[in-house]
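Chain and residue survey
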Amino acid sequence: MSTVAATGSPRIAVDKLGVLIALIAAVAALMPFAAFRANRIVVGISKGIFEALPLWEAVLVALALVAAILVALLRTPRLWRLFASLAMLAVLFVAIGHSASFLTPEGDRLARVSPGAGFWLAVFAFALLAADSFTRLKLAPWLRIVTLLLVAGAIALLLWSGAWNDLSILREYANRAEAFWREGQTHIALALGSLAAATVVGIPLGVVCHRVDGLRAVVLNVLNALQTIPSIALFGLLIAPLAWVAANVPGASAIGISGIGAAPAMVALFAYSLLPVVANTVVGLEGVPPAATDAARGMGMTNWQRLAKVEFPLAFPVILTGIRIVLVQNIGLATIAALIGGGGFGVFVFQGVGQTAMDLVLLGAVPTVALAFAAAVILDAIVEMVSTGARPA
Amino acid sequence: MIEIDALTKDYLDLTVVDHVSMRIDDGDIAVIVGTSGSGKTTLLRMINRLIEPTSGSVKIDGKDTRSVPAHLLRREIGYAIQGHGLFPHRTVGQNIATVPVLMGWEKPRIAARVEELLELFQLPADQFRDRLPSELSGGQQQRVGVARALAAEPKLLLMDEPFGALDPIIRAKAQADLVGIQKRFGTTIVLVTHDMEEAIHLGTRIAVMDQGKLLQYATPAEIVVKPATDFVGELLGSGDRAFRLLGLRRIGDFVEPGEASGAPVSAEQTLRDGLEEALWSGRAVLPVVDGAGKPVGRLTLATLQRLGARPQ
Ligand SMILES: Nc1ncnc2c1ncn2[C@@H]1O[C@H](COP(=O)(O)OP(=O)(O)OP(=O)(O)O)[C@@H](O)[C@H]1O
Ligand SMILES: [Mg+2]
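Values in this document were obtained by computation on a predicted structure and should not be read as measured data. (Residues numbered from 1 in each chain as written. Chains lettered and ligands numbered in written order. Predicted model: local features only at pLDDT ≥ 70, side-chain atom pairs only at ≥ 80, totals over all residues. Heavy atoms only, no water.)

**Let's talk about the packing of aromatic side chains**
Overall, the coordinates contain 9 aromatic pairs over all chains when judged by the stated rule. Seen from their ring centres, tyrosine 173 of chain A and phenylalanine 180 of chain A are 5.3 Å apart, and the 90° between their planes marks the pair as edge-to-face. With a centroid separation of 5.3 Å and an interplanar angle of 45°, the aromatic rings of phenylalanine 180 of chain A and phenylalanine 345 of chain A are classed as tilted. Of this pair, phenylalanine 180 of chain A sits in helix α8 (residues 177-211) while phenylalanine 345 of chain A sits in the loop between α13 (303-333) and α14 (346-354), and the two are 165 residues apart along the sequence. Exposure class is identical for phenylalanine 180 of chain A and phenylalanine 345 of chain A. Each is buried. Between the NZ or CZ atom of arginine 131 of chain B and the centre of the ring of phenylalanine 128 of chain B, over which it lies, the distance is 4.4 Å. (Phe/Tyr/Trp six-rings, centres within 6.5 Å; stacked < 30°, edge-to-face > 60°. Helix = DSSP H or I, 4+ residues; strand = E, 2+ residues; numbered from the N terminus. Buried < 20%, exposed > 50% of the residue type's maximum accessible area, 1.4 Å probe, protein only. Lys NZ or Arg CZ within 6 Å of the ring centre and 35° of its normal.)

Here you go:
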């Protein structure tokens, strides 16, 4: 930064993103912090921060908010900003748990307290600040994964300590703990299973498309067309043909194929996954310097050797980027599998929508978002590691 | 020995290389020159079958190149291209080891060979072996590219404009290195360039190509003295024919007995260097010394004048 001696009076520098974050946080402070409902489906009563918490706690949260807004607004060192935002998030998380205990009448098992718009906005504002300062710190990939684990650990600690037990979403969880973990497993199995299948099929298909000129346009166009079918329609479209297969192909129903359930969900997710994998494989292979492939041929590598030793390693970071897109996309899309009986976190989302119980919707949506976020951070870190780590240790 | 016989390449109805026949003896540096698009690269790449000829044949040591699978043939032939084509994800050492690894050499032998080549190209192994190509200068990358082409001790080395991307000083150095290595290993080299100066400087024989046809295949002296067609003459440029001719001959071969005064010239320099020195210092006779600095005789301006004139 240049020091301008001539301007004389020292000015306080303002951070551009900080202004936005301060604005959002200020709006958040004016909105309801929590909502109280006598039972899970009646309309809630909004509670501002001073109604939602004991006075001294509310004052503490308000002071912390002012301090965090100042750190965000002014041009402060990155590490300060990161710590301020993480600390503010921690304060918000602890406060919302306290608020639930504070608002729930002693012994009342029907009353529900859920986070209000103000809480969500404030979380959004400081998560944005945390993400921004974190990105600008340019940490090494493995450090980012460690940070992710630390944050996950902190959240696990909050859950385990019981601090959130009076929150509506955990009340819903308490009633469905077993189903939650079962659907969680299904959700991950759907997302990862379809990704694995798409990788196994998509990478070789990409290689073939790259090598055979005429094929590339055809395959990519078909996959593009698949991608444009709305997801619910695709899930629906698969019901009839898979039901037919189950009924007419011996053994098909024995291995779990049927018109509804996990099979069509898996097939649909697989179909969506194929384009990013194939397209990135083709793009990655096309990005290999022609001089390198020419040299590989000229030095006597066979087609296989050239693919394995030169083209694939050079295309790998791009292919991995495709896999990253697919994984994050599939974790989100797998929610829809519940519509056709495929299971997954979507079960809670659609049940919740059906019962107009927002807490139940959140029980499905929050872990889905968390999974997608974690997958993105981890795969980004891996992509960066393989892109720069071409040299041996 | 490489015998190229009526080698032809057609793309649809376009004949890119047209019945080219030439013989390259062991230890030759055959330089293919011609304007852009004349078919030089195509001709070169048909030798290691990176391009399959439409008709005609290539024999190496009497054996038709089509008698072995293409990839095995290529492992026996060194190949270096403009822009070096190093593998960006592999270290310098791994790049150089490519062909020896493909040929299944044992590890210690590969390591020793990599080290030997790096030292030969003045790239200290402990400093350069584990670097990635992106961590080298252009000149260093080019040297690694040539080192890689030589790794499996090929008897034949094909080079496609290997010095094209280098600045004049590094280029001269790379050319000198190449000549040194050729002398040391006796490698036969076929080199493509569009620079006639480079061809005359490096070649023991020059093949001039135009529109797919081989116009002339001869020693540099012959090409300079007797261009086969107007096109070859044009490619040479008419400006400094006499100097080119003198540049091809060693002073040592034209020394007369006698003495002269002033700074001596070396018997190893070319007649062109001698002429330059005579003109610059205003002398009609120059003392000549051998490599050890011992006087061996003198060189006269009259000799230079006679040798620089168009031979009859
Ligand atoms: N695959 C191909 N299909 C059709 N024409 C081709 C193909 N490859 C080369 N050619 C044509 O063949 C001719 C000779 O090409 P070549 O690469 O051998 O030229 P060159 O002498 O090496 O030129 P330069 O000095 O520019 O490298 C050019 O006119 C080129 O357009
Ligand atoms: Mg060329």
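**Details of the domain arrangement of chain A**
Residue and element names in this part refer to chain A. Each assigned domain of chain A is listed here: domain 1 (16-167) and domain 2 (177-390). Computed over C-alpha atoms only, the centres of domain 1 and domain 2 are separated by 34 Å. Opposite the 11 residues of domain 1 that make contact, domain 2 presents 14 residues. Across the domain 1 to domain 2 interface the summed buried area is about 1,000 Å²; carbon plus sulfur atoms make up 63%. A per-residue breakdown of the area domain 1 buries against domain 2 is headed by Arg40, Arg144 and Leu148, which together make up 44% of the total. At the boundary of domain 1 with domain 2, the tally comes to 2 residue pairs in polar contact (both at pLDDT 80 or more). (Domains from an automatic or database assignment. Contact = heavy atoms within 4.5 Å. Buried area = accessible area lost by both parts, 1.4 Å probe. Polar contact = N/O pair within 3.5 Å; in protein donor to acceptor, adjacent residues only side chain to side chain.)

**Comments concerning the interface of chain A and chain B**
Many authors give the size of an interface as the accessible area that is lost as the parts come together. Taken together, the 20 residues of chain A in the interface contact 25 residues of chain B. The interface formed by chain A and chain B holds 1 salt bridge in total. One salt bridge in this structure joins arginine 45 of chain B and aspartate 294 of chain A, with 2.7 Å as the shortest N-O distance. Between the two partners, chain A and chain B, sit 7 residue pairs in polar contact (both at pLDDT 80 or more). At the level of secondary structure, the elements contributing two or more residues to the side of chain A that touches chain B comprise α12 (290-298) and α13 of chain A. (Salt bridge = Lys/Arg side-chain N within 4 Å of Asp/Glu carboxyl O.)

**Digging into the nonpolar core**
Ranked by size, the top nonpolar core spans 56 residues in total, and within it Ile96 and Phe121 of chain B carry the most contacts. Discounting residues that sit within four places of it in the chain, phenylalanine 121 of chain B has contacts with Arg143, Val146, Ala147, Leu150 and Ile181 of chain B. (Core = buried A, V, L, I, M, F, W, Y, C linked by side-chain atoms within 4.5 Å.)

**Quick word on the side chain of arginine 81 of chain A**
All names here are of chain A. Residue placement: arginine 81 occurs in helix α4 (residues 78-103). By relative accessible area, arginine 81 is classed as buried at 3%. Ignoring sequence-local partners within four residues, the contact set of arginine 81 consists of Asp15, Gly18, Val71, Ala72, Leu74, Arg75, Thr76, Leu129 and Ser133.

**Digging into a nonpolar patch on the surface**
Residues and elements named next belong to chain A. A surface patch of nonpolar side chains, amounting to about 600 Å² of accessible area, comprises Ile12, Val14, Val19, Leu23, Val66, Leu70 and Leu74. Only α1 (16-30) and α3 (55-73) provide two or more residues apiece to the nonpolar patch. Mapped onto the fold, valine 14 is located in the segment before α1. Relative accessible area serves as the criterion here: at 40%, valine 14 is assigned to the partly exposed category. (Patch = residues over 30% accessible without salt bridge, like charges linked within 9 Å, V, L, I, M, F, W, Y side chains within 5 Å. Areas by Shrake-Rupley, 256 points an atom, 1.4 Å probe, with all protein chains shown as cover.)

**Here's the deal with the sheet that holds strand β1 (residues 34-37) of chain A**
Residue and element names in this part refer to chain A. Read from one edge of the open sheet, 3 strands run β2-β1-β3, paired in antiparallel fashion. Each edge of the open sheet is held by one strand with a lone partner, namely β2 (45-47) and β3 (112-115). Going from strand to strand, the sheet's axes swing by 30° on average, the running direction of each strand aside. (Pairing = 2+ DSSP bridges. Axes fitted to C-alpha atoms, helices over the stretch in contact; angles between N-to-C directions.)

**Structural notes on the pattern of salt bridges**
Summed over all chains, the structure comprises 29 salt bridges over all chains. Between aspartate 132 of chain A and arginine 136 of chain A there is a salt bridge whose closest N-O contact spans 2.9 Å. With aspartate 132 of chain A and arginine 136 of chain A both in helix α5 (residues 117-137) and 4 residues apart, this pair spans about one turn of that helix. We note a salt bridge from lysine 155 of chain B to aspartate 61 of chain B, for which the minimum N-O separation is 3.0 Å. Of this pair, lysine 155 of chain B sits in the loop between α7 (138-150) and β7 (156-160) while aspartate 61 of chain B sits in the loop between β4 (55-60) and β5 (63-64), placing them 94 residues apart in sequence. By relative accessible area, which is 53% here, lysine 155 of chain B ends up exposed. Within this structure, Arg112, Glu172 and Arg176 of chain A form a network of salt bridges that share partners.

**Focus: the confidence of the model for chain A**
Confidence in the prediction for chain A averages 87 pLDDT; 95% of positions are at 70 or higher. Across residues 1-8 of chain A, where pLDDT falls below 50, the model places 0 contacts with residues more than four positions away in sequence or in other chains. (pLDDT = per-residue confidence, 0-100.)

**A few points about the site of ligand 1**
Residues and elements named next belong to chain B. The full set of residues close to ligand 1 is Tyr11, Val16, Thr35, Ser36, Gly37, Ser38, Gly39, Lys40, Thr41, Thr42 and Glu161. Between threonine 41 and ligand 1, the recorded distance is 2.6 Å, taken from a side-chain N or O atom to an oxygen atom. Protein chains shield 58% of the accessible area of ligand 1, which is 640 Å² for the free molecule. In terms of residue count, helix α1 (residues 40-47) provides more of the shell around ligand 1 than any other element does, 3 residues in total. Split by residue class, the shell around ligand 1 holds 2 nonpolar, 7 polar and 2 charged. (Near = heavy atom within 4 Å. Nonpolar A, V, L, I, M, F, W, Y, C, P; charged D, E, K, R; others polar.)

**Considerations on the sheet that holds strand β9 (residues 205-210) of chain B**
Residue and element names in this part refer to chain B. Strand order in the open sheet formed by 6 strands is β6-β7-β8-β3-β9-β10, and the pairing between neighbours is mixed. Across the chains shown, the open sheet's two edge strands, defined by having one partner strand only, are β6 (77-81) and β10 (213-218). The mean angle between the axes of side-by-side strands here comes to 15°, regardless of whether they run parallel or antiparallel. In this sheet, strand β8 (residues 188-193) lies alongside β7 in parallel orientation, the contact comprising 5 bridges. The partner of leucine 156 across the bridge, within β8, is threonine 188. The sheet strands contacting α1 are β3 (29-34), β6, β7, β8 and β9, and the helix crosses β7 at an angle near 155°. Across the sheet, helix α8 (residues 168-185) touches β3, β7 and β8, and the angle it forms with β8 is around 160°.

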